[in-house]
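Summary of the model geometry
Spelled out, the chains give:
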Amino acid sequence: MWVALEGSVPSILSKSGAEKTWGLEVADGVSGGSAEMEEGGIKNEGVPRFADASESNQGLGGESWEYVVQDDFIWGRVFIVILYLFQIGNLECVGSKKKKREGYNMESSKWHVEERSCIESGSPEIEDVPETGPLSIIVLGASGDLAKKKTFPALFNLYRQGFLPSDQVQIYGYARTKISDDELRDRLRSYLVHDNGASPEQLDDLSKFLQLIKYVSGSYDSEDGFCLLDKDISEHESKKKSAEDSSRRLFYLALPPSVYPSAYNIVLICCICFLFLAGGWTRIVVEKPFGRDLESAEQLSAQIAELFDEPQIYRIDHYLGKELVQNMLVLRFANRFFLPCWNRDNIDNVQIVFRENFGTEGRGGYFDQYGIIRDIIQNHLLQVFCLVAMEKPISLKPEHIRDEKVKVLESVLPINDDDVVLGQYEGYRDDPTVPDHSNTPTFATVILRIHNERWEGVPFIIKAGKALNSRKADIRVQFKDVPGDIYKCSKKGRNELVIRLQPSEAIYMKLTVKKPGLEMSTEQSELDLSYRQRYQGVTIPEAYERLILDTIRGDQQHFVRRDELKASWEIFTPLLHRIENGELKPIPYKPGSRGPTEADELLKEAGYDQTHGYTWNPPSS
Ligand SMILES: NC(=O)C1=CN([C@@H]2O[C@H](COP(=O)(O)OP(=O)(O)OC[C@H]3O[C@@H](n4cnc5c(N)ncnc54)[C@H](OP(=O)(O)O)[C@@H]3O)[C@@H](O)[C@H]2O)C=CC1
Ligand SMILES: O=C1O[C@H](COP(=O)(O)O)[C@@H](O)[C@H](O)[C@H]1O
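Rules used in this analysis
Residues numbered from 1 in each chain as written. Chains lettered and ligands numbered in written order. Predicted model: local features only at pLDDT ≥ 70, side-chain atom pairs only at ≥ 80, totals over all residues. Helix = DSSP H or I, 4+ residues; strand = E, 2+ residues; numbered from the N terminus. Contact = placed C-beta atoms within 7 Å. Buried ≥ 20, exposed ≤ 12 C-beta atoms within 10 Å, placed from the backbone. Pairing = 2+ DSSP bridges. Axes fitted to C-alpha atoms, helices over the stretch in contact; angles between N-to-C directions. Near = placed C-beta within 6 Å. Nonpolar A, V, L, I, M, F, W, Y, C, P; charged D, E, K, R; others polar. Core = buried A, V, L, I, M, F, W, Y, C linked by C-beta atoms within 7 Å. Domains from an automatic or database assignment. Parallel < 35°, antiparallel > 145°, perpendicular 65-115°, else oblique. Left-handed = near helix turned anticlockwise from the far one by under 90°. Expected span 1.5 Å × (residues − 1). Bend = angle between axes of the 7 residues up to and from the residue. pLDDT = per-residue confidence, 0-100.

1. Observations regarding the overall build of the protein
Counting its regular elements, the protein contains 18 helices and 23 strands. Sequence-distant contacts, at least 24 apart, represent 77% of the contacts inside the protein between residues at least 6 apart.

2. Points about the pairing of strand 11 (residues 213-217)
Burial of strand 11 is extensive: four of the five residues sit out of reach of the surface. For strand 10 (residues 169-175) and strand 11, the ladder comprises five bridges, and the chain directions are parallel. In the strand pairing of strand 11, Tyr-172 is matched with Lys-214.

3. Let's talk about the sheet that holds strand 19 (residues 472-479)
Taken together, the nine strands give an open sheet; going across it, the order is 22-21-20-19-15-18-17-16-23, and neighbouring strands pair in mixed fashion. Two strands lie at the open edges of the sheet, namely strand 22 (522-530) and strand 23 (587-589), each paired on one side alone. When the angles between neighbouring strand axes are averaged without regard to direction, this sheet yields 20°. Contacting strand 16 (420-425), strand 17 (443-449), strand 18 (459-465) and strand 23, helix 18 (residues 597-605) crosses the sheet at an angle of about 160° to strand 16.

4. Details of the site of ligand 2
Surveying the vicinity of ligand 2 reveals the residues His-318, Glu-356, Asp-375 and Ala-473. Of the residues assigned to the shell around ligand 2, the class counts are one nonpolar, one polar and two charged.

5. Section: unusual backbone geometry
Where the residue is not glycine, phi is negative for most of them; where a peptide bond is considered, it is trans in most cases. Along the chain, Lys-288 connects to Pro-289 via a cis peptide bond; the corresponding omega equals -5°. Tracing the backbone through its elements, the reader meets Pro-289 in the loop between strand 13 (281-286) and helix 9 (294-307). That bond from Gln-502 to Pro-503 is cis: its omega, -15°, falls within 30 degrees of zero. Residue placement: Pro-503 occurs in the loop between strand 20 (496-502) and strand 21 (506-514). Even without being glycine, Ala-467 reaches a positive phi, approximately 55°. The backbone of Ser-504 sits at a positive phi, close to 50°, despite the residue not being glycine. Relative to the elements of secondary structure, Ser-504 occurs in the loop between strand 20 and strand 21.

6. Focus on the site of ligand 1
Surrounding ligand 1, one finds 20 residues, the nearest of these being Gly-144, Leu-146, Ala-175, Arg-176 and Thr-177. Element by element, the count of residues in the shell around ligand 1 is highest for helix 4 (residues 145-160), at four residues. Among the residues forming the shell around ligand 1, the class breakdown is ten nonpolar, five polar and five charged.

7. A word on the sheet that holds strand 12 (residues 248-253)
Taken in spatial order, the six strands of this open sheet run 11-10-9-12-13-14, and their pairing is parallel. Each edge of the open sheet is held by one strand with a lone partner, namely strand 11 and strand 14 (313-315). If you compare each strand with its neighbour and ignore which way they point, the axes differ by 20° on average. Two elements, strand 13 and strand 14, share three bridges in a ladder whose sense is parallel. If you follow Val-286 over to strand 14, its bridge partner there is Arg-315.

8. Topic: the nonpolar core
Among the nonpolar cores identified, the biggest contains 130 residues, and Leu-253, Phe-385 and Phe-460 are the most heavily contacted of them. Three or more residues apiece are contributed to this core by two domains, here domain 2 (135-315) and domain 3 (320-477 + 494-509 + 522-538 + 558-605). Excluding residues that lie within four positions of it along the chain, Leu-253 makes contacts with Leu-140, Gly-141, Tyr-260, Ala-263, Ile-284, Val-285, Val-286 and Glu-287.

9. Regarding the environment of Lys-322
Structurally, Lys-322 can be placed in the loop between strand 14 and helix 10 (323-326). With 23 C-beta atoms counted inside 10 Å, the residue Lys-322 sits in the buried group. Placed 225 residues apart in sequence, Lys-322 and Leu-547 show a C-alpha to C-alpha distance of 9.3 Å. For Lys-322, the contacting residues outside a window of four places in its chain are Leu-501, Gln-502 and Ala-543.

10. Considerations on the packing of helix 9 against helix 17 (residues 562-580)
It is at 9 Å that the axes of helix 9 and helix 17 come closest, and there the two elements cross at 165°. With respect to their mutual orientation, helix 9 and helix 17 come out roughly antiparallel. Both helix 9 and helix 17 take part in a crossing whose hand is right-handed. When helix 9 is examined against helix 17, the residues Leu-294, Ala-297, Glu-298 and Ser-301 are found in contact with a partner set consisting of Arg-562, Leu-565, Lys-566, Trp-569, Glu-570 and Thr-573. Here the residues of the contact of helix 9 with helix 17 sort into four nonpolar, two polar and four charged.

11. What about helix 17?
Residues three or four positions apart in an α-helix share a direction because the helix packs 3.6 residues into each turn. Across its 19 residues, helix 17 extends 25 Å between first and last C-alpha, which sits within 8% of the 27 Å expected from 1.5 Å per residue. Of all the bends in helix 17, the greatest reaches close to 40° and is centred on Phe-572; the proline Pro-574 follows between one and four positions later. Of all the positions in helix 17, only Arg-562, Asp-563, Glu-564, Leu-565, Ala-567, Ser-568, Trp-569, Ile-571, Phe-572, Leu-575, Leu-576 and Ile-579 are classed as buried. Of the residues flanking the end of helix 17, it is Gly-582, one or two places downstream, whose phi is positive at about 80°.

12. Details of the environment of Gly-321
Here Gly-321 shows up in the loop between strand 14 and helix 10. With 22 C-beta atoms counted inside 10 Å, the residue Gly-321 sits in the buried group. Once you skip the residues sitting within four places of it in the chain, Gly-321 turns out to touch Ala-543, Tyr-544, Arg-546, Leu-547 and His-558.

13. Considerations on the pairing of strand 15 (residues 347-355)
Among the nine residues of strand 15, seven are classified as buried, and the element is accordingly described as predominantly covered. Across six bridges, the pairing between strand 15 and strand 18 is parallel. Bridge assignment links Gln-351 to a residue of strand 18, and that residue is Ile-461.

14. Looking at the confidence of the model for the protein
Mean pLDDT over the protein stands at 80; residues scoring 70 or higher make up 76%. This model gives residues 1-74 a pLDDT under 50, and the stretch forms 163 contacts once residues within four places in sequence are excluded. Low pLDDT, under 50, characterises residues 79-127; the stretch is placed with 79 contacts to residues that sit more than four places away or in other chains. Scoring the predicted complex yields pTM 0.82 and, for the interface, ipTM 0.97.

15. With respect to the environment of Leu-250
Relative to the elements of secondary structure, Leu-250 occurs in strand 12. Residue class for Leu-250 comes out buried when judged on the 20 C-beta atoms lying within 10 Å of it. Each residue touching Leu-250, except ones within four places of it in the same chain, is listed here: Ile-137, Ile-138, Arg-283, Thr-551 and Ile-552.

And the structure:
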């Protein structure tokens, strides 16, 4: 007999045969329920759903896993969950609540705002729970690069600003590496404050913050480490909780994506009892790249959807946490200037550009499996593209915004090979972890074309490259020439709105003015909103800091929804497969250059008119 629990899968993954079985072996006697096969995978209906092994859920076509419970610890939890469910009485009711809560119509593959409003009122673990009470932040992969460079520093900054009060928060690092609490703290120290230049106050905060961190060593395919982790979390919760408090568990997967499926399992075991009994919430943050192409991304999405509700899943894209990316919708929709001219009648072309002046630097092995399109374009730049090109959402509700993002992604036409230039910097293959004949692009320019009323005919030129001549990311909206131009402005250059995402955040508008003096001549100048100058003394938060805070607050606006992810992979998968099949080859370029000259030619062909003799320099003070 097998029991499948909604959103909850017990311990121990063991590979099974051709069938995927989410189940938990229990004593005979419980029966009923059914597994329902729907698009994108299996949805568990009702909580819990009981099914014989013979009628267990069918696989998704990929690898299959069987969950088998191995110890009393889990048994205890299952028993408690069943008791709880009987206590609340109506199992069907819970199941339908879940369905509404998810708001995802599997038949049409669409999210429905109406249903999502049920989420707001009907999702106890997301909306109805006060955002107070013990908060456990669990960083899986705590020994890794992302954790030390981004996750823990972001947590430290949040702590310093009072968002992680020590009377509520405990931070856990989890990884296989066998180190002590203090060893992890020592590893992190230099990433949290600079050795020289830290104030006594910072150092004091640092030592208090480090005391909030505990480390648990364990694997993802046995329950030992997890049991320890869970025990610790439960102790923390019972110590810090008062009667009205709820428990909050945030799992941050700072792990290679290949580990995700087994990590979800661990996370679930951690949550199963507490979720039902303590009335708190569990959220899970997953990093990009989420899949390698449409099929693998959908498979990962189906796996995670079997275990968690969409409102619990935070697919992080740190570009969505950057100040000027977050400003994009404000700029577009809160300014009368831009509303009437943001369209094909006025805009000639749009560029979204990411450049780095260093190569893959020790990450060659990882990078070579993905390439620049998967590393930067399919996620970071495409998210920026959505914010530039989407229609105005009905409101600022996360679902309204994400609905518009999906719509514009779905309006992108298939990419034409003539609209692509790929490059690979010379020396990339010298990295011992990169194969000698690697066809992986480290540079790409791709033109996206949108088939809708606003943008028909306007090329969106998306460019990203490593080992180029500078490090910057910006959005460049180039306007058309002035009709009936009496000043011959177009000879000097077109109007451009530039949003400099980094470094030196700025928004500037290139425009034609009269050259000061006695003569009547024109020149290019700019209206310049340089953040450093305009917002002196204001610290711009790090992207991760902002996004982690959003996860604690339960705000999904700046996270990627499942259907967004699918639509983004639909755009790039055919191109990626052509590259993998060797149908498209990267052109070599010199490190420190602008990339292949063919990319500049493509830019010109697309209509971009470069302003010669004009450069914008960020103000020095
Ligand atoms: N690093 C970065 O700057 C960025 C990373 N990301 C994403 O963040 C995630 C983590 O990246 P990063 O920290 O660089 O990755 P790492 O390669 O540093 O891996 C993180 C940790 O995961 C554990 N790990 C590695 N391989 C396995 C395995 N096969 N099975 C179980 N555990 C494993 C290791 O810990 P241990 O051996 O101790 O268990 C390691 O310390 C990835 O999805 C990456 O794409 C996204 C943006 C930027
Ligand atoms: O996700 C990634 O982003 C970084 C660039 O991030 P940024 O915030 O410094 O612009 C990139 O270096 C890395 O290759 C990629 O995985």
